[in-house]
Amino acid sequence: WRFDDGAGAAATNAAAYAWSMAAERAALCLNDKFVALTGSNGIFFPNKPPAFHATCASYARFSAACQLAVLTLAHFDARSLAFLLVAETCWQLPPWPAASLFVSNHG
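Definitions and cut-offs
- Residues numbered from 1 in each chain as written.
- Predicted model: local features only at pLDDT ≥ 70, side-chain atom pairs only at ≥ 80, totals over all residues.
- Heavy atoms only, no water.
- Helix = DSSP H or I, 4+ residues; strand = E, 2+ residues; numbered from the N terminus.
- Buried < 20%, exposed > 50% of the residue type's maximum accessible area, 1.4 Å probe, protein only.
- Contact = heavy atoms within 4.5 Å.
- Areas by Shrake-Rupley, 256 points an atom, 1.4 Å probe, with all protein chains shown as cover.
- Salt bridge = Lys/Arg side-chain N within 4 Å of Asp/Glu carboxyl O.
- pLDDT = per-residue confidence, 0-100.

Looking only at helices and strands, the chain has 3 helices and 0 strands in total. The secondary structure elements of the chain, listed N-terminal to C-terminal, are α-α-α. For the chain, with 107 residues in total, the buried portion stands at 19%. Long-range pairs, those at least 24 residues apart, make up 35% of the contacts in the chain between residues at least 6 apart in sequence. When the accessible surface of the chain is totalled, it reaches about 7500 Å², and 72% of it is carbon and sulfur.

Next up on the list: the side chain of asparagine 31. With respect to the element layout, asparagine 31 can be found in helix α1 (residues 9–38). Not counting residues up to four positions away in its chain, the partners in contact with asparagine 31 are Asn41 and Phe44.

A separate point is the pattern of salt bridges. For the structure shown, the criterion picks out 1 salt bridge. For the salt bridge of aspartate 77 with arginine 79, the shortest nitrogen-to-oxygen distance reads 2.6 Å. A relative accessible area of 26% means that aspartate 77 is categorised as partly exposed. According to the relative accessible area criterion, arginine 79 is exposed, its value standing at 62%.

As a further point, take the confidence of the model for the chain. Of all residues in the chain, 82% have pLDDT values of 70 or greater, and the mean over the chain is 81. Helix α3 (residues 79–90) is the least confidently modelled element of the chain, averaging 77 in pLDDT, while helix α2 (residues 50–73) averages 92, the highest of any element.

Below, the structure written as structure tokens:
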């Protein structure tokens, strides 16, 4: 992050923010699969009770099944999941958060 008023500071900060949000969404997608496979989210929440981890695992498995269904309906074209990831990420990125209103449930 740049805190100066120099040339390009706003663009640099916007790019850093956009990259970090896209990386966060990708990490969340991967974490869901990890929780679905292992049955625990103990890496991020080591002190939570087993019931919490069971609920997280159930949700992650349902989410993975839904994503597999979308992938199957799209004839295993990975662009379908990429489209959903981009739509989910675009709503929080500058300069046009309204872009996702056309493809997402955030509208």
